[in-house]
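Single-letter residue listing:
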Amino acid sequence: MGVISRDKNQINCIYASVSDFGKQIPGYLKSSDKDILLKDISKTMPSTTQWHELIENASIDAKDIVDFSQVENISEQSDLDQSGYVNVIENNPKALSGAFIVNGDKTSYMKTVTEVLKHFDVDSAGLEKTFHTEDPTISKTTDDDKFV
């Protein structure tokens, strides 16, 4: 994996397609109006320097990227340094608990689909109105509308 692009019109997503979250995120990212570049660590691993850059730019603790349920002989109580947690991910891509999203100068680490949708302000149904925010339209808006 080369240099991480910082183009504000492109979303770079560093994720693991073998994880549960990684199987979902590409579809949700495609809902945004930007170009998407998916970087699957199961196929191409970032360099150690890139891992450190991602973690620091996302302002998270390296421990936060590990899904400990996917790794044997290590737990949340383990006391590893940043390189140690990166090494865990490099040897167990499925243990990446979320995905790094790089867009322009902003780097985020997300663990849930809700975070992704909120970040990109995407309505997962593709609808502008929702029943809990606005009343639905229940009458004709044009002469061609047919209500029973």
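Note: the structure precedes this text.
Just so we're clear, the structure is a prediction, and the values are computed from it rather than from any experiment.

J.: Is there a simple way to think about the nonpolar core in this case?
T.: The nonpolar side chains of a soluble globular protein tend to be buried with one another. Trp51, Ile65, Val66, Ile89, Leu96 and Phe100 are the most contacted members of the largest nonpolar core, which totals 23 residues. Of all the elements in the fold, those that place two or more residues in this core are α2 (48–57), α3 (82–91) and β3 (99–103). The element best represented in this core is α3, accounting for 4 residues. For Phe100, the residues in contact, after removing those within four places along its chain, are Asn12, Cys13, Ile14, Trp51, Leu54, Ile55, Ala58, Ile60, Ile65, Thr107, Ser108 and Tyr109.

J.: I keep staring at the pattern of salt bridges and nothing clicks. Help me out?
T.: One side chain can pair with another of opposite charge once the charged atoms of both are near each other. What the rule picks out here adds up to 1 salt bridge. The residue Glu53 makes a salt bridge to Arg6 at a minimum N-O spacing of 3.2 Å. Remark: Arg6 occurs in the segment before β1 (10–15) and Glu53 occurs in helix α2; sequence separation between them is 47 residues.

About the criteria used
Numbering of residues starts from 1 in each chain and follows the order in which that chain's sequence is written. Only residues with pLDDT of 70 or above have their local features reported here, since the model is predicted, and side-chain atom pairs are shown and tallied only from 80 upward, although totals for entire chains, interfaces and linings are computed over all residues. Side-chain numbers come from the whole structure's heavy atoms, not from hydrogens or water. Nine residue types can take part in a nonpolar core, namely buried Ala, Val, Leu, Ile, Met, Phe, Trp, Tyr and Cys, and a core is a set of them joined through side-chain atoms within 4.5 Å. For each residue, the accessible area found with a 1.4 Å probe, counting protein chains only, is set against the maximum for its type, and the residue is called buried under 20%, exposed over 50%, and partly exposed in between. Only DSSP runs of H or I reaching four residues or more are called helices, and only runs of E reaching two or more are called strands; each is numbered from the N terminus. Here, residues are in contact when the closest pair of their heavy atoms is within 4.5 Å. What counts as a salt bridge is simple: a side-chain nitrogen of Lys or Arg found within 4 Å of a carboxyl oxygen of Asp or Glu.

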